[in-house]
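Summary of the model geometry
Listed below, chain by chain, are the residues.
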Amino acid sequence: MGQSLLDAVGFLAVGGVDFAWLERLVEHATGWLGLVIIWVYSFLIAFALPGVSEVVLAAPLDLGLGYWPRMSVIIFVSAFGKAAGSVFAFHIGQEAKDSGWIIKRLRNSRFDIIEWSERQTVTIAQKWGYAGLALALCVPGFPDTLSIYAFSVLEEDYVKFAVATFVGSAGRLILWLAGAEAVLSVL
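Residues numbered from 1 in each chain as written. Predicted model: local features only at pLDDT ≥ 70, side-chain atom pairs only at ≥ 80, totals over all residues. Heavy atoms only, no water.

Turning our eyes to something else, we now look at helix H9 (residues 158-186). Counted at 1.5 Å a residue, the expected span for H9 with its 29 residues is 42 Å, and the 42 Å between its end C-alpha atoms agrees. Within H9, the full set of buried residues consists of Phe-161, Ala-162, Ala-164, Thr-165, Gly-168, Ser-169, Ala-170, Gly-171, Arg-172, Leu-173 and Leu-177. Two or three places before Val-159, at the start of H9, stands the capping residue Asp-157, its side-chain oxygen 3.1 Å from that residue's backbone nitrogen. (Helix = DSSP H or I, 4+ residues; strand = E, 2+ residues; numbered from the N terminus. Expected span 1.5 Å × (residues − 1). Buried < 20%, exposed > 50% of the residue type's maximum accessible area, 1.4 Å probe, protein only. Polar contact = N/O pair within 3.5 Å; in protein donor to acceptor, adjacent residues only side chain to side chain.)

Here is the structure:
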């Protein structure tokens, strides 16, 4: 799926509202208030915002902590925010199962979001269950919101869903951080 298609899907998902300002706010978040900004951004990324969840790693928080403790706090707060947002998305998905018109509208939309995400997520969910959701969320660049919604329609356990999204979100940030550290160590 091309980036322009992802941008278009994200733009449509939030009603045509541009939320780039929020991403910039995260990139400049500092202090303890910055953690609140990271949590809110991660919450919104899980169910409504198009965007890159990894941007939270660039937040220049000054918490009086060393590098690794600061990164650990950022990862925890972001994963917690995304897990909370995914539970909200999960609830919406449960309601959508009972309201066929939402699924019908999405299926008939210009971008067949449902078919693509269902294909990817159903394959993962059938084979791996909640562990599959966590693994899918660990994949850098894989659209979180699409997989969260598609999975929410397939499953029914809120707690397992929240744990899977927390683990997957933290795992994704850890992978990005490890990759960045590996690249920087070579340079």
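In this section: a nonpolar patch on the surface. A surface patch of nonpolar side chains, amounting to about 350 Å² of accessible area, comprises Tyr-158, Val-159, Val-163 and Val-167. Position of Tyr-158 relative to the elements: it lies in helix H9. (Patch = residues over 30% accessible without salt bridge, like charges linked within 9 Å, V, L, I, M, F, W, Y side chains within 5 Å. Areas by Shrake-Rupley, 256 points an atom, 1.4 Å probe, with all protein chains shown as cover. Salt bridge = Lys/Arg side-chain N within 4 Å of Asp/Glu carboxyl O.)

To continue, consider the packing of aromatic side chains. Counted according to the given criterion, the structure contains 8 aromatic pairs. Relative to Phe-43, the ring of Trp-39 has its centre 5.2 Å away and its plane inclined at 20°; by these criteria the two rings are stacked. Of this pair, Trp-39 and Phe-43 both sit in helix H3 (residues 31-47), 4 residues apart, roughly one helical turn. When its relative accessible area of 27% is taken as the criterion, Trp-39 is described as partly exposed. Ring-pair connections join several aromatic residues into one group, and the members of that group are Trp-39, Phe-43, Phe-76, Phe-80, Phe-88 and Phe-166. (Phe/Tyr/Trp six-rings, centres within 6.5 Å; stacked < 30°, edge-to-face > 60°.)

Attention now goes to the nonpolar core. Counting residues in each nonpolar core, the largest one holds 22 residues, and the members touching the most others are Val-26, Ile-38, Tyr-41, Val-56, Leu-57, Leu-61 and Ile-74. At the level of elements, helix H2 (20-27), H3, helix H4 (67-98) and H9 are the ones that each hand at least two residues to this core. Not counting the four nearest positions on each side in its chain, Ile-74 is found in contact with Ile-38, Val-56, Leu-57, Ala-59 and Leu-61. (Core = buried A, V, L, I, M, F, W, Y, C linked by side-chain atoms within 4.5 Å. Contact = heavy atoms within 4.5 Å.)

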